[in-house]
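What follows is each chain in one-letter form.
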Amino acid sequence: MARELHKKKNKELYAIYSTVVDDYITSFIPLNELREIWLQDLIKEAKEKLDRWLKEVDKEVE
């Protein structure tokens, strides 16, 4: 998913915009809150990627 960080004019409020669905996937919130949401998403994606990778054995050795 492609994401963009959008900021409200003249306010310290931010939102994540998805170019896949052409809509916001968060509401406009303070940057520190948005950072935590995005970070948790990235951690979840990394864990899923690692789990997929660990299921595939490249080579069995003695």
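As a starting point, this report considers the structure included with it. Predicted model, so just to flag it, every value in this text is computed and none were measured.

What counts, and where the lines are drawn
Residues numbered from 1 in each chain as written. Predicted model: local features only at pLDDT ≥ 70, side-chain atom pairs only at ≥ 80, totals over all residues. Heavy atoms only, no water. Helix = DSSP H or I, 4+ residues; strand = E, 2+ residues; numbered from the N terminus. Rg over C-alpha atoms; globule rule 2.2 N^0.38 Å. Buried < 20%, exposed > 50% of the residue type's maximum accessible area, 1.4 Å probe, protein only. Contact = heavy atoms within 4.5 Å. Areas by Shrake-Rupley, 256 points an atom, 1.4 Å probe, with all protein chains shown as cover. Lys, Arg positive; Asp, Glu negative; His and termini not counted. Charge placed at Lys NZ, Arg CZ, Asp CG, Glu CD. Pairing = 2+ DSSP bridges. Axes fitted to C-alpha atoms, helices over the stretch in contact; angles between N-to-C directions. Patch = residues over 30% accessible without salt bridge, like charges linked within 9 Å, V, L, I, M, F, W, Y side chains within 5 Å. Salt bridge = Lys/Arg side-chain N within 4 Å of Asp/Glu carboxyl O.

1. A closer look at the overall build of the chain
For the chain, the count of helices and strands is 1 helix and 3 strands. Going residue by residue from the N terminus, the α and β elements of the chain occur as β-β-β-α. For 62 residues, the compact-globule formula gives about 11 Å, and the C-alpha radius of gyration of the chain, at 17 Å, lies well above that figure. When its C-alpha atoms are laid out on the principal axes, the chain stretches across 65 × 25 × 10 Å. Split into buried and exposed, the 62 residues of the chain put 13% on the buried side. Residue pairs in contact within the chain that sit at least 24 positions apart in sequence constitute 12% of those at least 6 positions apart. As presented, the chain carries roughly 5,600 Å² of accessible surface, and 53% of it is formed by carbon and sulfur atoms. Distance from the positive charge centre (12 side chains) to the negative charge centre (14 side chains) of the chain: 7 Å.

2. Focus on the pairing of strand β1 (residues 3–7)
One ladder, built from 5 bridges, connects β1 with strand β2 (residues 14–18); its direction is antiparallel. Residue pairing in the sheet places L5 in a bridge with I16 of β2.

3. As for unusual backbone geometry
Despite not being glycine, N10 has its phi angle at roughly 60°, a positive value. Checked against the element boundaries, N10 lands in the loop between β1 and β2.

4. Some points on the sheet that holds β2
Reading across from one edge, β1-β2-β3 is the order of the 3 strands in this open sheet, with antiparallel pairing throughout. Two strands close off the open sheet at either side, each with one partner strand: β1 and β3 (23–24). Taken together, the 2 bridges between β2 and β3 define a ladder with antiparallel strand orientation. Paired with Y17 across the two strands is Y24, which belongs to β3. Sheet strands touched by helix α1 (residues 31–54): β1 and β2. Its angle to β1, the strand with the most contacts, is close to 175°.

5. Remarks on a nonpolar patch on the surface
Among the surface-exposed residues, V20, V21 and I25 lie close enough to one another that they form a single nonpolar patch of about 270 Å² accessible area. Mapped onto the elements, V20 comes out in the loop between β2 and β3.

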